[in-house]
Amino acid sequence: MHIYAFGSVCRGDIDTESDIDLLSIVDGYDDRFDSSTYSIYSYNRLMELWKEGNPFAWHLATEAKIIYSSNGKDFIKDLGEPKEYIKCKQDCIKFFNLYCKAVDSISSGGNSVIFEMSSIFLAVRNFATCYLLGQHKIGNFSRRSALQMNKKSIQISNDTYRILERSRVLCIRGTGKIINRNEFENSWDEIISIKNWMENLLDEVIENG
Amino acid sequence: MDEFNNRMEAQRNVLEVINRQLDKKEELCGLSKKAIERWIVANQINSESEICKILYTISEKLFFLANKSQEQISEEYRMVSSEISELKLDLEKAIG
């Protein structure tokens, strides 16, 4: 069994809402680990992610810090560098589709607005992370990766980004203030404009193969 | 649709059933265990109720596939996906 910390606490990128991301690596099922506290992976699955060059493998390889090892070895360090990330186009399309579906759901009167806003945040952050890793070999795994792309950064206000981020925290951790109607309405035009940002970057990804 | 977006769609469908109830103070924001716990407290729902039990079961099933390999995923996804559809019907009946 191995336990690692990763995410904001390892980057020093913390604020009052930061949680501590913990990874446990186990053989088979281990009921000591609660999946709402730990990301639980098997050794085999992690090795697969390394072979795929999956962004999560790059995330862990870049940031993870060992907390406990049952055999005295650092499993992640010993895996070395993950394979090159080659599924950028596929993943960017996947997160673009997620964004479109969430916007469609809200536009057609869906009743789970915070869940949809959370999905939009997930789509935006993961799209940015995959684009940076696939197109520029930059590993940026921050929740604010879409705002840290220099000239290619997403063009929405901090307030709107924050509302999306709060929705994600409500959806996953169940904490924070509920998004009210005014906040939602004030951010909606900018949320719709995200489509152009994604389409432009997607064109670039498709052009580069 | 890819497996990831299928899983998001399954969550959307379950949340739609819960959030169509207009008498609730707060909407259910997601199907993580912690989001369900918040919804129960905010709306003063009996945590032993049939609705809560079904929601926790769906939550476990949805997150069950997250670290499965691609080879395992197709067959298990089909199985879990059909179980979730049945649980969604149970949820509709429990809400009445």
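Caption draft 1: Layout of the overall build of chain A. When you go through chain A residue by residue, the secondary structure sums to eight helices and four strands. Scanning chain A from its N terminus toward the C terminus, one meets helices and strands in the order β-α-β-β-α-α-β-α-α-α-α-α. Whereas a compact globule of 209 residues would reach a radius of gyration of roughly 17 Å, chain A reaches 18 Å, a difference of no more than 12%. Principal axes of the C-alpha set define a box for chain A whose edges measure 55 × 40 × 30 Å. Going through the 209 residues of chain A one by one, you find that 50% of them count as buried.

Caption draft 2: Summary view of the pairing of strand S1 (residues 2-6) of chain A. Residues and elements named next belong to chain A. Within S1, five of the five residues are buried, which leaves it mostly tucked inside the rest of the structure. Two elements, S1 and strand S2 (residues 21-26), share five bridges in a ladder whose sense is antiparallel. Paired with Ala 5 across the strands is Leu 22, a residue of S2. Where S1 lies against strand S4 (residues 65-69), four bridges are found, and the strand directions are antiparallel. Following the sheet pairing, His 2 is matched in S4 by Ser 69.

Caption draft 3: Fine view of the packing of aromatic side chains. Within this structure, the stated rule accounts for eight aromatic pairs over all chains. A ring pair is formed by Phe95(A) and Phe4(B), whose centres lie 5.5 Å apart and whose planes are at 75 degrees; its orientation type is edge-to-face. Taken as a pair, Phe95(A) in helix H5 (residues 88-107) and Phe4(B) in helix H1 (residues 3-19) lie in two separate chains rather than in one. The pair formed by Phe95(A) and Phe4(B) is uniform in burial state, with each residue classed as buried. On the basis of an interplanar angle of 50 degrees and a centroid distance of 5.6 Å, the ring pair of Phe127(A) and Trp197(A) is categorised as tilted. Within this pair, whereas Phe127(A) is found in helix H6 (residues 113-136), its partner Trp197(A) is found in helix H8 (residues 181-207), the two being separated by 70 residues in sequence.

Caption draft 4: Representation of the nonpolar core. The biggest cluster of nonpolar side chains holds 71 residues, and the ones touching the most others in it are Ile120(A), Ile194(A), Trp197(A) and Leu55(B). Counting residues per element, this core draws most heavily on H6(A), at 15 residues. If we ignore the near neighbours within four places in the chain, the residues touching Leu55(B) are Val14(B), Ile18(B), Leu28(B), Leu31(B), Ile36(B), Trp39(B) and Leu91(B). Leu23(A), Ala57(A), Leu60(A) and Ile76(A) belong to the second largest nonpolar core, which has 15 residues in total.

Caption draft 5: Highlighting the pattern of salt bridges. Scanning all chains against the criterion turns up 23 salt bridges over all chains. A salt bridge links Arg12(B) to Glu116(A), with the nearest nitrogen and oxygen atoms 2.7 Å apart. Of the two residues, Arg12(B) is situated in helix H1 and Glu116(A) in helix H6; the pairing between them involves two chains. Summarising the burial analysis for this pair, Arg12(B) and Glu116(A) share the class buried. Shared partners join several salt bridges into a network, and the residues in it are Asp15(A), Arg143(A), Arg144(A), Arg162(A) and Glu165(A).

Caption draft 6: Focus on the domain arrangement of chain A. Residue and element names in this part refer to chain A. If you check the domain split of chain A, you get domain 1 (2-79) and domain 2 (88-207). Distance between the C-alpha centres of domain 1 and domain 2: 24 Å. Summed over both partners, the interface of domain 1 with domain 2 buries about 910 Å², with 51% contributed by carbon and sulfur atoms. The largest share of the area that domain 1 buries against domain 2 comes from Arg 11, Glu 17 and Pro 55, three residues that together contribute 52% of it. The interface formed by domain 1 and domain 2 holds two salt bridges in total. A salt bridge links Asp 19 to Arg 173, with the nearest nitrogen and oxygen atoms 3.2 Å apart. Our count for the contact surface shared by domain 1 and domain 2 stands at four residue pairs in polar contact (both at pLDDT 80 or more). With five residues, helix H3 (residues 55-63) is the single largest residue contributor to the side of domain 1 that touches domain 2. Across the side of domain 1 that touches domain 2, the residue classes tally to two nonpolar, three polar and six charged.

Rules of the game
Residues numbered from 1 in each chain as written. Chains lettered and ligands numbered in written order. Predicted model: local features only at pLDDT ≥ 70, side-chain atom pairs only at ≥ 80, totals over all residues. Heavy atoms only, no water. Helix = DSSP H or I, 4+ residues; strand = E, 2+ residues; numbered from the N terminus. Rg over C-alpha atoms; globule rule 2.2 N^0.38 Å. Buried < 20%, exposed > 50% of the residue type's maximum accessible area, 1.4 Å probe, protein only. Pairing = 2+ DSSP bridges. Phe/Tyr/Trp six-rings, centres within 6.5 Å; stacked < 30°, edge-to-face > 60°. Core = buried A, V, L, I, M, F, W, Y, C linked by side-chain atoms within 4.5 Å. Contact = heavy atoms within 4.5 Å. Salt bridge = Lys/Arg side-chain N within 4 Å of Asp/Glu carboxyl O. Domains from an automatic or database assignment. Buried area = accessible area lost by both parts, 1.4 Å probe. Polar contact = N/O pair within 3.5 Å; in protein donor to acceptor, adjacent residues only side chain to side chain. Nonpolar A, V, L, I, M, F, W, Y, C, P; charged D, E, K, R; others polar.

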